[in-house]
Structures are given as structure tokens and as C-alpha cells.
Amino acid sequence: MRIDEALTPAALLPKIEKLWEASAHKIDSIEKTSPPGSPSPVFTVEGRYTARGWTEWTQGFQYGSAVLQFDATGDRRFLDSARESTVALMASHVSHIGVHDHGFNNVSTYGNLWRLMAEGRIPHDPRERDFYELALKLTGAVQAARWRDTIDGTGYIYSFNGPQSLFVDTIRSCRALSVSHLLGHVLMGERDERISLLGRLIEHAVNTARWNVFYGEGRDSYDVRGRTAHESVFNTNDGSFRCPSSQQGYSPFSTWTRGLAWAMVGFPEQLEFLALIDDAELEPYGGRGQVEQIFLKAALATCDFYLENTPVDGIPYWDTGAPGLVHLGDYLAVPADPYNAHEPVDSSAAAIGAQGLLRLGRYLTGVGREAEGQRYWQAGLTVADTLFGEPYLSTDPDHQGLILHSVYHRPNGWDHVPAGQRVPNGESSMWGDYHARELALYLQRVARDEPYYTFFGPAGATTGGAR
């Protein structure tokens, strides 16, 4: 990847403003074609959002996008719509015991509304805040209850595949446990055991860093520093690790770039969260130094892998080991080509990963590693600059997607291939669009010297469990 050292957040504001203008129309359009009670929109086919029954993990992105639209533009109707939909439709996601996606659905809705109230962006209403906080407390506990012990006495939150399965995705969804812990909540177990949500978050993250992220330390024949495995499989009889696997990537021994991106943003974001936690609370898990070292090692490795294995413009192909890449020549030396005949790009991985680069850069600068921090920061700006322009930002009013050239499940063949083309392109995903909006809001706040955007907002500094 070629990093633009001259870019600034302020220089991206014209593109960001254009993004929000396009975003408003698309949110309105989706509301008309995916009204309350209809299946959750997942990805577009010929420009129209469609559903895909697998698990319900995208509805929070639909209504969360409206909250972000209000946050960025102040347009009250998006806030009103998001509030109404969250109250009416999201409760089942709070109590959903069959998925690992609580942070995606519920922090994007209840969490964003709670954050806005804490920031003073919407009027403080004690009853309304209590409502959001109850949902956030419960969603973190329900997610944490999907627990499987490992052979060393720790454990992980298992995926919808079953108790043998640790997904790399879940590190980003663990923000549900973070907020629930900040609100002073615990998971109650048998014989009234009080189970720490912070403890489960840390153990899950440490096991993700250990088993889903590689460090070039000779673990296996494909141990390349920074690459990730979508899934780690464990023996459920004794909790021992068995093998890497992949559901949406090309293979267990290549890197599905959206999975990589979830780790890129998940670990730096949790490093920001740990700054709110008292040292004493971290002692049972090895202490602050050890926990932060593990998180930072994973963040650095994954972000470095992205920089080394992404084309010059910052948009990755969907999997770094995809077999058709061999036909593209020196594809890393030129901008990504979403219209090539061999392998699709995945703009949603760029939207997610860019925020990870930015957060890692800011974290490193804050701990005195300014030169390293600046490199990742500028890399994040470079990705955003590409993503917020042609051919990725969709300004076509007849296309419901905001960011084009996203891929959902290439192995299953779920993604639409346009007539006359050989690989998917030109379509959008609900997670890609949401994270592009989140990225735009993040940079807009920095450019305008507004409060720094985190999922926990200023509320984290004044609620239970924080220092």
C-alpha cells in the first residue's frame, strides 16, 4: 500500500460531506423497501437491498446508520426514525442466545443512542437512558453466556457455528461486553456465581490473539506475521485447539480480508477501552502491562499485514490467497480493480480496517511512539480518501448502497455477478455502508475538533467499573 503522507482529516471534509448527502437518500430509500417487520437487509442485488437468511446480524447496522446520520448532520428525522425502530424492533436482538453478534446489532443502536445522550447531543431523559442502559447491560451478558472453556482454564465466546468455533469477527462485537461492564453489570451463573464481563472480554480477546492471529513465529507452515484465520476450531471434550478453519475466506491458510479488518479495529478499540479500567481490575488477568501488550501485538501485526498485502490505493481483494490473483500480475503495485475478471475486491474490509489503522495510530502517538503512530494514521487517511471517492462511493440515487464493491460470502456464491462480468462487483453491504459512515463520522469529528468518537463515549468515565 502507498501511504499519502500529506493527507489531513480536514482535506477529506468535502468528500465526507458528499458522503453524508448521498447517505441520507439511501437510508430513506431502504426504509421504504425494507419496512419494519420485513427481513433485515443484508446486501444489494442490482442496487436493491435484499435479505439473506443465515443469522440476523445486520439489522442494527440499518438503524444504527440513521443514528450516525443524525450524529454527523443534525437532521432530527433520522434520530426519530432510529429511536422508533430501536424501541419497536431490536429487543429480540438483545435476548438472542443464538448469535455472537451482539455488539454489531445492539451497540450500533441502543449504544449509539446512549452515547449521544451522554455527549449531550440529545436531551437527557433519565427514563430513556435507563432503557438504553438496561438493553446494553443485558446484551453484553447474553453474549458472554456463549462461553466455552479451553484446556488452559480460560475460554472464548463461541460463534453461531457451535461451541467448537472461535470467530475472529467477534473481537469487534465484544464492545457489547465492554459497555455492559462499564455500566456495572455482571453475568449471573449457577449458584449465583458472579461472572465478570471484563474477564470474559479479556480471555476471549487473548484467545483470539493467540489462535486467530499469526505472528511469524513458526506456529505452522503458513505462519505469516499478521495474517488471520476466520475460525479457530477446538475439541469440545477437553478444550484443546485443533486447527484453523474458514467459513467466508478461501482457505484456513490464507487471509480473508474482512476477518483481518475486524481484528484490525477490534484490538485498538479495546485498547482505548482499557484506558477506562482501574489497574486493580486487570490484575486477575495478568495486569495492565500484559493485557495491553497482547492486544497491541495483535493490532500491530494485523495492521502491518494489511499494509503489506493491499494494493497501493488501500482497497484489498477479498482474500490474500484467492487463486485468481495469480492472473492479475503485480496487483499490489497498482490500484485495486473491482472490474477485473478473476477475483473481487472487498471495499467493506477497507471501511472497517481504515478505522483500525486510525485508532492504532492515535493510540501509539498517545503512548509516545509518534513516528509509528503517524504511519498508521496516514495509512488510515489514505484508505478513507480512496473509499470516499470513485469508483467506491455511490452517488447514484437509484442504487441503495453507499459503498460499492463489497463482498459477502464468495465461497457460497451469494454475491451478485453483473451480466457480462465474471466476479461480483458494483454491490454494497449493510456492514460496509455502516462502517463507512462510522469512519466518516470519526474523521469529521477529528477535522472539526469535536469530541473524539468511541463506542463508549464520555459515559465510560462516570459509570460503574471505570476509573
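Not measured: the values here are computed from a predicted model.

A.B. asks: Just give me the short version of the pattern of salt bridges, but keep the residues and values in it.
C.D. replies: The final tally for this structure, using the stated rule, is 25 salt bridges. In this structure, Arg 115 engages Asp 71 in a salt bridge whose closest nitrogen and oxygen atoms are separated by 2.9 Å. Residue Arg 115 is found in helix H5 (residues 102-118), and its partner Asp 71 is found in helix H2 (residues 59-73); the two are separated by 44 residues along the sequence. With a relative accessible area of 0%, Arg 115 lands in the buried category. Asp 71 sits in the buried class, given a relative accessible area of 5%. A salt bridge links Asp 152 to Arg 210; the nearest nitrogen and oxygen atoms lie 3.4 Å apart. In this pair, Asp 152 sits in the loop between strand E3 (147-149) and strand E4 (155-157) while Arg 210 sits in helix H9 (residues 197-211), placing the two residues 58 residues apart along the sequence. A single network of salt bridges, built from pairs that share partners, joins Asp 71, Arg 115, Glu 119, Arg 121 and Arg 445.

A.B. asks: Tell me about the packing of helix H1 (residues 13-33) against helix H3 (residues 76-89), and please be specific about residues and values.
C.D. replies: What describes two packed helices is the angle between their axes and the distance between those same axes. Viewed as axis vectors pointing N to C, H1 and H3 meet at an angle of 35°, and their least axial separation amounts to 12 Å. For the pair H1 and H3, the sense of crossing is left-handed. Mapping the contact onto sequence places Ala 24, Ile 27, Asp 28 and Glu 31 in H1 and Arg 77, Phe 78 and Ser 81 in H3. Of the residues contributing to the contact of H1 with H3, the split by class is three nonpolar, one polar and three charged.

A.B. asks: Please set out the packing of aromatic side chains residue by residue, giving values where relevant.
C.D. replies: Aromatic ring pairs are described here by two measures, namely the spacing of the ring centres and the angle between the planes. Tallied over the full model, the rule gives 23 aromatic pairs. With centroids separated by 6.3 Å and ring planes inclined at 50°, the aromatic side chains of Trp 377 and Tyr 442 adopt a geometry described as tilted. Of this pair, Trp 377 sits in helix H14 (residues 370-387) while Tyr 442 sits in helix H15 (residues 430-447), placing them 65 residues apart in sequence. There is no split in this pair, since Trp 377 and Tyr 442 are both buried. One aromatic cluster is present, formed by Phe 43, Trp 57, Phe 61, Phe 104, Trp 262, Tyr 408, Trp 414, Trp 431 and Tyr 434 through successive ring pairs. Taking the ring centre of Tyr 215 as reference, the NZ or CZ of Lys 297 above it sits at 4.5 Å.

A.B. asks: Any details on the sheet that holds strand E8 (residues 231-234)? Residues and values, ideally.
C.D. replies: Pairing within the open sheet is antiparallel, and its three strands lie in the order E5-E8-E9. With one partner strand each, in any of the chains shown, strand E5 (165-167) and strand E9 (241-245) form the two edges of the open sheet. Recorded for the sheet is a direction-independent mean angle of 25° between the axes of neighbouring strands. Taken together, the four bridges between E8 and E9 define a ladder with antiparallel strand orientation. Within E9, the position partnered with Phe 234 by the bridge is Phe 241. Against the sheet, H9 contacts E5, E8 and E9, and its axis sits at roughly 90° relative to E5.

A.B. asks: Report on the nonpolar core, specifying residues and quantitative values.
C.D. replies: Residues Phe 267, Phe 273, Tyr 306, Leu 357, Leu 387, Phe 388 and Leu 443 are the most contacted members of the largest nonpolar core, which totals 129 residues. When residues of this core are assigned to their parent elements, the largest contribution, eleven residues, is made by helix H12 (residues 288-308). For Phe 388, the residues in contact, after removing those within four places along its chain, are Lys 15, Ile 16, Leu 19, Leu 393, Ala 436, Leu 439, Ala 440 and Leu 443. In this structure, Tyr 156, Tyr 158, Leu 166 and Phe 234 belong to the second largest nonpolar core, which totals five residues.

A.B. asks: Any details on the environment of Tyr 63? Residues and values, ideally.
C.D. replies: Mapping Tyr 63 onto the fold places it in helix H2. Residue class for Tyr 63 comes out buried when judged on its relative accessible area of 2%. If we skip the residues at most four places from it in the chain, Tyr 63 touches Glu 31, Pro 36, Ala 82, Ser 85, Thr 86, Leu 89, Met 90 and Thr 109.

A.B. asks: Explain empty space enclosed by the protein to me, using residue names and the numbers behind them.
C.D. replies: The tally for this structure, following the rule as stated, stands at five cavities of 30 Å³ or more. Each pocket or cavity is described by its volume, and for the largest cavity that value is around 100 Å³. For the largest cavity, the lining is made up of 13 residues, of which Trp 57, His 100, Phe 160, Asp 169 and Gln 248 are closest to its centre. Within this model, the second largest cavity holds a volume of roughly 60 Å³. Around the second largest cavity, the lining residues are Ile 27, Ile 30, Tyr 49, Gln 62, Ser 65, Met 430, Asp 433 and Arg 437. Listed by contribution, the elements that provide at least two residues to the lining of the second largest cavity are H1, H2 and H15. The biggest single contributor to the lining of the second largest cavity is H15, with three residues.

A.B. asks: Lay out the confidence of the model for the protein chain with the relevant residues and their values.
C.D. replies: For residues with low pLDDT, the predicted coordinates do not support detailed interpretation. Averaged over all residues, the pLDDT of the protein chain is 96; the fraction at 70 or higher stands at 98%. Counting interchain partners and residues more than four positions distant, the pLDDT-below-50 stretch residues 461-467 has 25 contacts.

A.B. asks: Lay out the side chain of Thr 255 in plain terms, naming residues and giving numbers.
C.D. replies: Structurally, Thr 255 can be placed in the loop between E9 and helix H10 (257-274). Excluding residues within four positions of it along the chain, Thr 255 makes contact with Arg 227, Thr 228, Leu 260, Phe 305, Trp 318, Asp 319 and Thr 320.

A.B. asks: Let's hear about the state of the cysteines: which residues, and what values?
C.D. replies: Overall, the coordinates contain zero disulfides when judged by the stated rule. Free of any disulfide, Cys 174 has its nearest neighbouring cysteine sulfur in Cys 303, separated by 17 Å. We classify Cys 303 as buried; its relative accessible area is 0%.

A.B. asks: Tell me about H1, and name the residues and values.
C.D. replies: Here H1 is 21 residues long and its end C-alpha atoms lie 30 Å apart, about the 30 Å a rise of 1.5 Å per residue gives. Buried residues of H1: Leu 13, Ile 16, Leu 19, Trp 20, Ala 22, Ser 23, Ala 24, Lys 26, Ile 27, Ser 29 and Ile 30, and no others. Looking at the buried residues of H1, the elements they touch are strand E2 (48-50), H2, H3 and H15.

Reading the values: rules and limits
- Residues numbered from 1 in each chain as written.
- Predicted model: local features only at pLDDT ≥ 70, side-chain atom pairs only at ≥ 80, totals over all residues.
- Heavy atoms only, no water.
- Salt bridge = Lys/Arg side-chain N within 4 Å of Asp/Glu carboxyl O.
- Helix = DSSP H or I, 4+ residues; strand = E, 2+ residues; numbered from the N terminus.
- Buried < 20%, exposed > 50% of the residue type's maximum accessible area, 1.4 Å probe, protein only.
- Axes fitted to C-alpha atoms, helices over the stretch in contact; angles between N-to-C directions.
- Left-handed = near helix turned anticlockwise from the far one by under 90°.
- Contact = heavy atoms within 4.5 Å.
- Nonpolar A, V, L, I, M, F, W, Y, C, P; charged D, E, K, R; others polar.
- Phe/Tyr/Trp six-rings, centres within 6.5 Å; stacked < 30°, edge-to-face > 60°.
- Lys NZ or Arg CZ within 6 Å of the ring centre and 35° of its normal.
- Pairing = 2+ DSSP bridges.
- Core = buried A, V, L, I, M, F, W, Y, C linked by side-chain atoms within 4.5 Å.
- 1 Å grid on protein atoms, 1.4 Å probe; cavity = no way out; pocket = protein on both sides within 12 Å on 5 of 7 lines; lining within 4 Å.
- Points joined across faces, edges and corners; volume = space filled by probe spheres on them.
- pLDDT = per-residue confidence, 0-100.
- Disulfide = S-S within 2.5 Å.
- Expected span 1.5 Å × (residues − 1).

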